[in-house]
Amino acid sequence: MNHNTPKTFPTVNSYAEAIANPEGRFATLSGVRAVEDAEGTPRYLCGTGRVTFRILLEGEREPYELTCFTTRAAYEAGERYGRILPDELYVFGLDGEGRYCPVALRPAADRAVSSSAEEQPGRETEGNGEGELCEGLRVVVRGDRFGYADAEGRMTIEPRYVWAGDFSEGRAPVAVAAPEGENGLLMGLIDREGNEVIAAEYDDLSWDGSRYAYVDRGGRHGCIDRTGRVVVPLAYDWIGEFDYGFALVKREGRYGYVDEKGELAGEGLIYRDARPVGEGGTAEVLLPGAADFTPIRLF
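Student: What is the right way to look at the sheet that holds strand 23 (residues 294-297) in this model?
Tutor: Note on sheets: strands pair through backbone hydrogen bonds, and any given pair is parallel or antiparallel. Spatial ordering of the open sheet is given by 21-22-23, a layout of three strands whose pairing is antiparallel. Edge positions in the sheet fall to strand 21 (273-274) and strand 23, since each has one partner strand and no second. Alignment of strand 21 against strand 22 (residues 282-286), held across two bridges, turns out to be antiparallel. By the bridge assignment for strand 22, Ala-274 is matched with Val-285.

Student: What should I look at first to understand the pattern of salt bridges in this one?
Tutor: A side chain with one charge can pair with a side chain of the opposite charge if their charged atoms come near. With the rule as written, the count across this model stands at nine salt bridges. Note that Asp-150 is salt-bridged to Arg-154, the shortest N-O span being 3.0 Å. The exposure class of Asp-150 is buried, given its relative accessible area of 12%. Here Arg-275 ties to Glu-284 by a salt bridge, and the two come within 2.5 Å at their closest N and O atoms. Salt bridges sharing partners connect three or more residues here, namely Asp-150, Glu-152 and Arg-154.

Student: Before we go on, may I ask you to explain unusual backbone geometry in this structure?
Tutor: Backbone phi values are negative for most residues with the exception of glycine, while trans is the configuration of most peptide bonds. Positive phi is not limited to glycine here, since Asp-87 has a value of about 50°. Locating Asp-87 in the fold gives a position in strand 5 (residues 83-92). In this model, Glu-169 sits at a positive phi of 55°, which is unusual for a non-glycine residue. Here Glu-169 shows up in the loop between strand 10 (163-164) and strand 11 (171-177). Judged by relative accessible area, Glu-169 falls into the partly exposed class, the value being 46%.

Student: Hey, could you run me through the sheet that holds strand 7 (residues 137-142) in this one?
Tutor: Reading across the sheet, the three strands line up as 7-8-9 and stay open at both edges, with antiparallel pairing between neighbours. Two strands lie at the open edges of the sheet, namely strand 7 and strand 9 (155-161), each paired on one side alone. Taking each pair of neighbouring strands and ignoring which way they run, the sheet shows an average axis angle of 25°. The pairing of strand 7 with strand 8 (residues 145-150) spans six bridges and is antiparallel. Paired with Arg-142 across the bridge in strand 8 is Arg-145.

Reading the values: rules and limits
Residues numbered from 1 in each chain as written. Predicted model: local features only at pLDDT ≥ 70, side-chain atom pairs only at ≥ 80, totals over all residues. Heavy atoms only, no water. Pairing = 2+ DSSP bridges. Helix = DSSP H or I, 4+ residues; strand = E, 2+ residues; numbered from the N terminus. Salt bridge = Lys/Arg side-chain N within 4 Å of Asp/Glu carboxyl O. Buried < 20%, exposed > 50% of the residue type's maximum accessible area, 1.4 Å probe, protein only. Axes fitted to C-alpha atoms, helices over the stretch in contact; angles between N-to-C directions.

As structure tokens, then:
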């Protein structure tokens, strides 16, 4: 790709909020309108490291798929989901600040039946009920529930989820409706047999497609491994992905690094800003009172 990889990526919920309130959020796309479900919520599908929204553009009757990335790995393979639009969508972070993020745009797979989708938001149209085959399983939609079928179309995990993502390394993110009286969804991680590896109890979950799931509950962030073991407790306002054995974290306006034992590394949470760890264990940090970033070594 011709543009720089973002340092961090927004969550599914952050993207959903931006798409639900698109006024002034797009750099070049105009008249963006989300296709909504029967409850007025933008229709989207969670995948591994990404979330895809169905949208309509000003002056066009045919729908598009707008894919937003929640992990670097998904972004680096982003061109498979359409034309990359760098710095297109403005998304707010937990700290109240925001930035433009790259997205991928492509015509919806079922453009031929787009008029019914526009007239009846939330209705699943024929041809939009199956996903890509990933590790021998594909997401299928039956009514308003998501499940999984094999390459021959045999249902292997019954449709019981509100949303479901692709399998990667034997794991897939799924979402269920929050308990009665609460709004939104709760996310977890399942294996190929449909067993819960990480219980669906998190406000957001981003599976890196290999080792770790980054989770958020009540605004507190942490990390859980593919077996369900807590790696980093939910003790931070934000957490980035692990790079070379360390993840960038933030709490109360200060940054630091945690290792894969969940312990703070180096000087702890003292930096005004910081960048992910690079090859050789080096990172760049902004020390208190400093105007420029300083390199440090963590191992």
